[in-house]
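Here are the chains, one letter per residue:
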Amino acid sequence: MKTAILTDSTAYIPSDLRERWNIHMVPLNVLIKNESYREEIDLTADDFYDMVRGDEELPKTSQPSIGVITEKLEELSRDYDAVVAIHLSSGISGTYQATITAADMVDGLEVHVFDSEISCMVQGFYAQEAAEMANQGEIPEQIVERLKHMKTSVQAYFMVDNLSHLHRGGRLSGAQAIVGSLLQVKPVLHFVDTKIVPFEKIRTSKKAIKRVKGLFEEVAEKGEPMRATIIHANRKEEAETIMNELHDKYPHVEFVLSYFGPVIGTHLGEGALGIGWYKK
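Here the residue index of a chain counts from 1 through its sequence in written order. Whole-chain, interface and lining totals are the exception, using all residues; otherwise, since this is a predicted model, local features are given only for residues with pLDDT of at least 70 and side-chain atom pairs are given and counted only at 80 or more. As a convention, hydrogens and water are excluded, and side-chain values are obtained from all of the structure's heavy atoms.

**Concerning the environment of L163**
- Along the chain, the position of L163 falls in the loop between β8 (155–159) and α7 (164–168).
- Considering only alpha carbons, one finds L163 and G269, 106 residues apart in sequence, at a separation of 8.2 Å. Numbering goes from the N terminus for both helices and strands, where a helix is a DSSP run of H or I of at least four residues and a strand is a run of E of at least two.

Here it is, written out as structure tokens:
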């Protein structure tokens, strides 16, 4: 059985790596001043932050249409027997559910849809693992079982400079956002049951980043093989510094630098920074 791996643009896997790992992608969309862009195709992360900086109006985001996903699955059905589709958390987007719906419209293709319950390069790690297994000829059921096992050790924590984006975009409750604004905190957030929720409220950006690093180090110090990613919203130099520092300290961890692209960046805002990981 020949199995394709499909993900969406919010995994933020660079195109050269998608090509190398043979991972297929459907884009989510960002609407800026009535102009629609497919992220990772029409719009890069760098261009996005330049375009929206200082704008009062928050960009809007949308999932790929069922038609776009169906078209992609039909295209894959010409060369593959099955697809494992790995999408961003169903608690912040309807992409996962749209793919389930689209799968019913395509004949002759076995489609397994997996809710990563997270996003960004941690979602990308699921896609990478799946691709490695698919390239070795593993069947879809085995791939999905591995992804479920990965989920037991996947963790990610991130801080945002300003809660207003999450509040206005409806991805964090109003009460939490109001409290954060009053205290001027830099909250550390994480995913729980597919939703973004506060983990801790910390007063400064520097302390919040230190806390996120500390949470990673608590796991890394055990010495088990891991993959980890440092993810940033236009804070590349700082993210690289953190990654190099942690790489020197934990050589058993395989690191990759990544970014919050347009869709996730719309909700987190410029300046966000996070670390995600799992045990290999």
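Once you've had a look at it, read on.
**Structural notes on the packing of aromatic side chains**
- Working definition: rings of Phe, Tyr and Trp (its six-membered ring) pair if their centres are within 6.5 Å, and the pair is stacked with planes under 30 degrees apart, edge-to-face with planes over 60 apart, and tilted otherwise. In this structure the tally under the stated criterion is 11 aromatic pairs.
- Ring geometry for F216 against Y250: centres 5.9 Å apart, planes inclined by 85°, an arrangement best described as edge-to-face. Here F216 is found in helix α9 (residues 205–220), whereas its partner Y250 is found in the loop between α10 (236–249) and β12 (253–259), with 34 residues between them in sequence. Residues F216 and Y250 agree in their burial class; the two are buried.
- Three or more aromatic residues joined by ring pairs make a cluster, and in this case those are Y157, F199, F216, Y250, F255 and W277.
- The ring of Y80 is capped by K2, whose NZ or CZ atom sits 5.0 Å from the centre of that ring. Exposure is judged per residue with a 1.4 Å probe applied to protein chains only, and the accessible area is read against the type maximum: over 50% gives exposed, under 20% gives buried, and values in between give partly exposed. In this scheme, Lys NZ or Arg CZ marks a charge over a ring once it lies within 6 Å of the ring centre and within 35 degrees of the ring normal.

**Considering the domain arrangement of the chain**
- In this document the domain limits rely on a domain assignment from an automatic tool or a database. When cut into domains, the chain gives domain 1 (3–26 + 64–151) and domain 2 (154–279).
- Measuring from the centre of the C-alpha atoms in domain 1 to the corresponding centre in domain 2 gives 24 Å.
- Any two residues whose heavy atoms approach within 4.5 Å at even a single point are treated as in contact. Taken together, the contacts link 22 residues of domain 1 with 23 residues of domain 2.
- A per-residue breakdown of the area domain 1 buries against domain 2 is headed by Y12, I92 and F125, which together make up 34% of the total.
- We count a salt bridge whenever a side-chain nitrogen from Lys or Arg sits within 4 Å of a carboxyl oxygen from Asp or Glu. Counting the contacts that link domain 1 with domain 2 gives two salt bridges. Here the buried area means the combined drop in accessible surface, using a 1.4 Å probe, for two parts upon being joined, counting both sides.

**As for the pairing of β12**
- Taken together, the seven bridges between strand β11 (residues 226–232) and β12 define a ladder with parallel strand orientation. Paired with A228 across the two strands is F255, which belongs to β12. Paired strands, as defined in this entry, are two strands with at least two bridges between them according to DSSP.

**Some words on the environment of W277**
- In this fold, W277 is placed in strand β13 (residues 273–279).
- Other than its neighbours up to four places away in sequence, W277 contacts S153, V154, Q155, Y157, L215, F216, V219, M226, R227 and A228.

**Considerations on the sheet that holds strand β4 (residues 35–38)**
- The strand order β4-β3-β5 describes an open sheet built from three strands, whose pairing is antiparallel. Both edges of this open sheet fall to β4 and β5 (60–62), since each of them pairs with a single strand only. Recorded for the sheet is a direction-independent mean angle of 25° between the axes of neighbouring strands.
- Of the pairings in the sheet, the one linking strand β3 (residues 29–32) to β4 comprises four bridges and is antiparallel in character. Where helices are involved, their axes are fitted lines through C-alpha atoms of the stretch in contact, as for all axes, and angles between N-to-C directions lie from 0 to 180°.

**What to know about helix α6 (residues 140–151)**
- Between its first and last C-alpha, α6 extends 17 Å over 12 residues, near the 16 Å set by a 1.5 Å rise per residue.
- Looking only at α6, the buried set comprises P140, I143, V144, R146, L147 and M150. The arc that holds every buried residue of α6, seen down its axis, measures 155°, which confines them to one face. Residue count minus one, scaled by 1.5 Å, sets the expected span of a helix. This arc is built from the directions going out from the helix axis to the C-beta atoms.

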